[in-house]
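Fold and geometry: a report
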Amino acid sequence: ESIPLKDVIISLAASFGVSYTQNCEEFYVEIPENLGSGEIRGINFESGLGVILYNCTFLEDVRLEFTLDQIHPVKYIYSLKGPLSHSFINENIPNAIDQYNCAIVASEKNSGHVIEFSKNVAYEVLSLEIDRIEFLKTSHCELKLWNSPLQVLLEDVNAEKQFYHEGSCGIYFKNVLQEINKVDEQVLARKMNLHCVAMQIFINQLVQFDDDLLNNE
């Protein structure tokens, strides 16, 4: 199975030299003052979807390496605020993800990812994480009826192939991401809201990806 997002947050907290906080199934780490401000949150859902939320500003350029020795989830990285870059650990070739753009990325085997943040930039970034094994438990039949490069990607549970696709998120995704913090105080309502947002983004990215392919023909 893919890396649980709680392990990602725990690893980031160790790298920052601070403790993490668990709120039921949601884990988060606050950026220490010597590095910047804000927080990074992560949560997994039973559907195989998960979300990492970056709401932070760093005082120096920061390179986050996701290198746990397991198969990594497919990532849909959305930048609502602030340009960033992504690269695969085994290539070290950065790809820029501009504000309001998104990228679908999947590393090969147990190879990881690098996300780089520039100093003094207020970031709002969402990474939709897809555990392919868990996802296929409820969507295997439907995927078989779909003819798309994303079908091959989502069925690649052993991460045999690397994948990268970048495109514009469109105004719809901006509006969806702004829904995230509308329900924040009640833990159960927040979890359900985050899951709904994750599903909306996943559904609309399927449509957006097919549109991108048609526009590139």
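Here the structure is a predicted model, which is why all the values come from computation and not from measurement.

**A closer look at the overall build of the protein**
Broken down by element type, the protein carries five helices and twelve strands. Scaling as 2.2 N^0.38, a compact globule of 217 residues should have a C-alpha radius of gyration of about 17 Å, and the protein matches this with 16 Å. With respect to the principal axes defined by its C-alpha atoms, the protein has extents near 50 × 40 × 35 Å. Each of the 217 residues in the protein was classed as buried or not, and the buried ones make up 48%. Within the protein, contacts between residues at least 6 apart in sequence are counted, and of these 69% link residues at least 24 apart. If you average the places of the 15 positive and of the 32 negative side-chain charges in the protein, the two averages end up 2 Å apart.

**Describing the sheet that holds strand β8 (residues 95-97)**
Taking strand neighbours across the sheet as the criterion, the four strands line up as β5-β10-β7-β8 in an open arrangement whose pairing is antiparallel. Taken across any chain shown, the strands that pair with only one partner, and hence form the sheet edges, are β5 (62-66) and β8. For this sheet, the mean inter-axis angle between neighbouring strands, taken without regard to orientation, is 25°.

**Quick look at the side chain of R132**
Tracing the backbone through its elements, the reader meets R132 in helix α2 (residues 132-144). Summary of buried charges: R132 has no salt-bridge partner, and the nearest side chain of opposite charge, D156, is 4.2 Å away. Side-chain polar atoms of R132 contact the backbone oxygen of D156, separated by 3.1 Å.

**Some points on the pattern of salt bridges**
Oppositely charged side chains can form a pair if their charged atoms are brought close together. All chains considered together, the criterion is met by nine salt bridges. With a shortest N-O distance of 3.0 Å, E129 and K75 are connected by a salt bridge. On the criterion of sequence distance, the pair formed by E129 in strand β11 (residues 123-130) and K75 in strand β6 (residues 74-81) is long-range, its members being 54 residues apart. Of the two residues examined, E129 and K75, each falls in the buried class. Of the charged contacts, one joins E134 and K137 as a salt bridge, the two residues approaching to 2.9 Å between their closest N and O atoms. Of this pair, E134 and K137 both sit in helix α2, separated by three residues, roughly a single helical turn. For E134, a relative accessible area of 19% translates into the label buried. Salt bridges sharing common partners tie together E26, E39, R41 and R190.

**Thoughts on the pairing of strand β3 (residues 36-44)**
Of the strand pairs in this sheet, strand β2 (residues 26-30) and β3 are connected by five bridges, and their pairing is antiparallel. By the bridge assignment for β3, E26 is matched with I43. Here β2 hands over to β3 after five residues, the two strands then running antiparallel side by side. Between the end of β3 and the start of strand β4 (residues 49-58), which pair antiparallel, lie four residues, with G48 showing a positive phi angle near 95°.

**Points about helix α1 (residues 5-16)**
Between the first and last C-alpha of α1 there are 17 Å, a value that for twelve residues agrees with the 16 Å anticipated at 1.5 Å per step. Taken residue by residue, α1 has L5, V8, I9, L12, A13 and F16 as its buried positions. All buried residues of α1 project into a common sector of 135° when viewed along the axis, lining one side. Buried residues belonging to α1 abut β2, β3, β4, β5 and β11.

**Things to note about the packing of aromatic side chains**
Counted according to the given criterion, the structure contains eight aromatic pairs. The interplanar angle of 5° and the centroid separation of 6.1 Å between the aromatic rings of Y76 and F202 together place this pair among those described as stacked. Of this pair, Y76 sits in strand β6 while F202 sits in helix α5 (residues 187-216), and the two are 126 residues apart along the sequence. Both residues of the pair, Y76 and F202, count as buried. The interplanar angle of 85° and the centroid separation of 4.9 Å between the aromatic rings of F117 and Y123 together place this pair among those described as edge-to-face. Like Y123, F117 is buried. One aromatic cluster in this structure is built from Y54, F58, F117 and Y123.

Analysis parameters
Residues numbered from 1 in each chain as written. Predicted model: local features only at pLDDT ≥ 70, side-chain atom pairs only at ≥ 80, totals over all residues. Heavy atoms only, no water. Helix = DSSP H or I, 4+ residues; strand = E, 2+ residues; numbered from the N terminus. Rg over C-alpha atoms; globule rule 2.2 N^0.38 Å. Buried < 20%, exposed > 50% of the residue type's maximum accessible area, 1.4 Å probe, protein only. Contact = heavy atoms within 4.5 Å. Lys, Arg positive; Asp, Glu negative; His and termini not counted. Charge placed at Lys NZ, Arg CZ, Asp CG, Glu CD. Pairing = 2+ DSSP bridges. Axes fitted to C-alpha atoms, helices over the stretch in contact; angles between N-to-C directions. Salt bridge = Lys/Arg side-chain N within 4 Å of Asp/Glu carboxyl O. Polar contact = N/O pair within 3.5 Å; in protein donor to acceptor, adjacent residues only side chain to side chain. Expected span 1.5 Å × (residues − 1). Arc of directions from axis to C-beta. Phe/Tyr/Trp six-rings, centres within 6.5 Å; stacked < 30°, edge-to-face > 60°.

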